[in-house]
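Spelled out, the chains give:
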Amino acid sequence: MLANRGYDSYKLIDYIYENGGEPTIPSKTGAKFERHCDWWLYKERHLVEKYFLKLKGFRRIATRYDKLAFTYMGFVCLASILIWLK
């Protein structure tokens, strides 16, 4: 699970480990115990953040005009194709 420093809590980290996950969450600055974080993998999170930023550039998706889930998903797919083609 990739997350930023805001999700650094022992309760969440324990929950991730209990469910078979591997947390990639950097420790907060000034923490007593520094947790190992795979920084290369953590930087990949930026690509996902940029994708959602580009996706929110489409007004119909950002304001969620569509009431039905399948039409909304169709426009998300269409916008993703347009982002990919740029």
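In what follows, the structure referred to is the one given above.
Just so it is clear, the structure is predicted and the values come from calculations on it, not from any experiment.

Parameters and conventions
Throughout this description, residue numbers start from 1 for each chain and increase along the sequence as written. The predicted nature of this model means local features are confined to residues of pLDDT at least 70 and side-chain atom pairs, given and counted, to a pLDDT of 80 or more, with totals for whole chains, interfaces and linings taken over all residues. Hydrogens and waters are ignored; side-chain quantities use all the structure's heavy atoms. Where helices and strands are cited, they refer to DSSP runs of H or I of at least four residues and of E of at least two residues respectively, numbered from the N terminus. A pair of Phe, Tyr and Trp rings is counted when the ring centres sit within 6.5 Å of each other, with Trp represented by its six-membered ring. The angle between the planes then sorts it: under 30 degrees is stacked, over 60 is edge-to-face, the rest tilted. In this scheme, a residue with accessible area under 20% of its type's maximum is buried, one over 50% is exposed, and one in between is partly exposed, where area comes from a 1.4 Å probe on protein chains only. We call two residues in contact when some of their heavy atoms are within 4.5 Å. Only buried residues count toward a nonpolar core. Its members are Ala, Val, Leu, Ile, Met, Phe, Trp, Tyr and Cys residues joined through side-chain atoms within 4.5 Å. Within the patch definition used here, like charges are joined within 9 Å and nonpolar side chains (Val, Leu, Ile, Met, Phe, Trp, Tyr) within 5 Å, considering only residues with over 30% relative accessible area and no salt bridge. Method for areas: the Shrake-Rupley scheme with a 1.4 Å probe, in which residue coverage is limited to the protein chains shown. Should a side-chain nitrogen of Lys or Arg be within 4 Å of a carboxyl oxygen of Asp or Glu, the pair is scored as a salt bridge. Angular values range over 0 to 180 degrees, each being the angle between N-to-C directions of two axes fitted as lines to C-alpha atoms, with helices fitted over their stretch in contact. Here roughly perpendicular refers to angles of 65 to 115 degrees, roughly parallel to angles under 35, roughly antiparallel to angles over 145, and oblique to all remaining angles. Take the far helix as the reference: if the near one is turned anticlockwise from it by less than a right angle, the crossing is left-handed, and if turned clockwise, right-handed. Put simply, Ala, Val, Leu, Ile, Met, Phe, Trp, Tyr, Cys and Pro go in the nonpolar bin, Asp, Glu, Lys and Arg in the charged bin, and everything else, Gly too, in the polar bin.

A. Representation of unusual backbone geometry within the structure. Although it is not a glycine, arginine 64 sits at a positive phi angle of roughly 55°. Within the secondary structure layout, arginine 64 lies in the loop between α3 (59–63) and α4 (69–85).

B. Inspection of the packing of aromatic side chains at higher detail. Tallied over the full model, the rule gives two aromatic pairs. Centre to centre, the rings of tryptophan 39 and tyrosine 42 are 5.4 Å apart; their planes meet at 85°, and the pair counts as edge-to-face. Of this pair, tryptophan 39 and tyrosine 42 both sit in helix α2 (residues 39–55), three residues apart, roughly one helical turn. Looking at tyrosine 42, the relative accessible area reads 16%, which means it is buried. Measuring from ring centre to ring centre gives 5.5 Å for tyrosine 51 and phenylalanine 52, while their planes differ by 55°; the resulting arrangement is tilted. A relative accessible area of 46% places phenylalanine 52 in the partly exposed class.

C. Molecular detail of the side chain of serine 27. With respect to the helices, strands and loops of the structure, serine 27 is situated in the loop between α1 (10–18) and α2. The residues contacting serine 27, other than those within four sequence positions of it, are Arg5, Asp8, Phe33, Glu34 and Arg35.

D. Molecular detail of the nonpolar core. Residues Leu55, Ile61, Tyr72, Val76, Ala79 and Ile83 constitute the largest nonpolar core, which totals six residues. With four residues, the top contributor of residues to this core is α4. What leucine 55 contacts, discounting residues up to four positions off in sequence, is Ile61, Val76, Ala79, Ser80 and Ile83.

E. Region of the structure containing a nonpolar patch on the surface. Together, Leu2, Trp40 and Leu41 make up a nonpolar patch on the protein surface, roughly 310 Å² of accessible area in all. Positionally, leucine 2 belongs in the segment before α1. The class for leucine 2 is partly exposed, based on a relative accessible area of 36%.

F. Seen up close, the packing of α2 against α4. Where α2 meets α4, the closest approach of the two axes is 10 Å, and the angle between their N-to-C directions is 110°. When the axes of α2 and α4 are compared, the pair comes out roughly perpendicular. Read as a crossing pair, α2 and α4 show a hand that is right-handed. Contacts between α2 and α4 involve Tyr51, Lys54 and Leu55 on the former and, on the latter, Val76, Ala79, Ser80 and Ile83. Per-class residue counts for the contact of α2 with α4 are five nonpolar, one polar and one charged.

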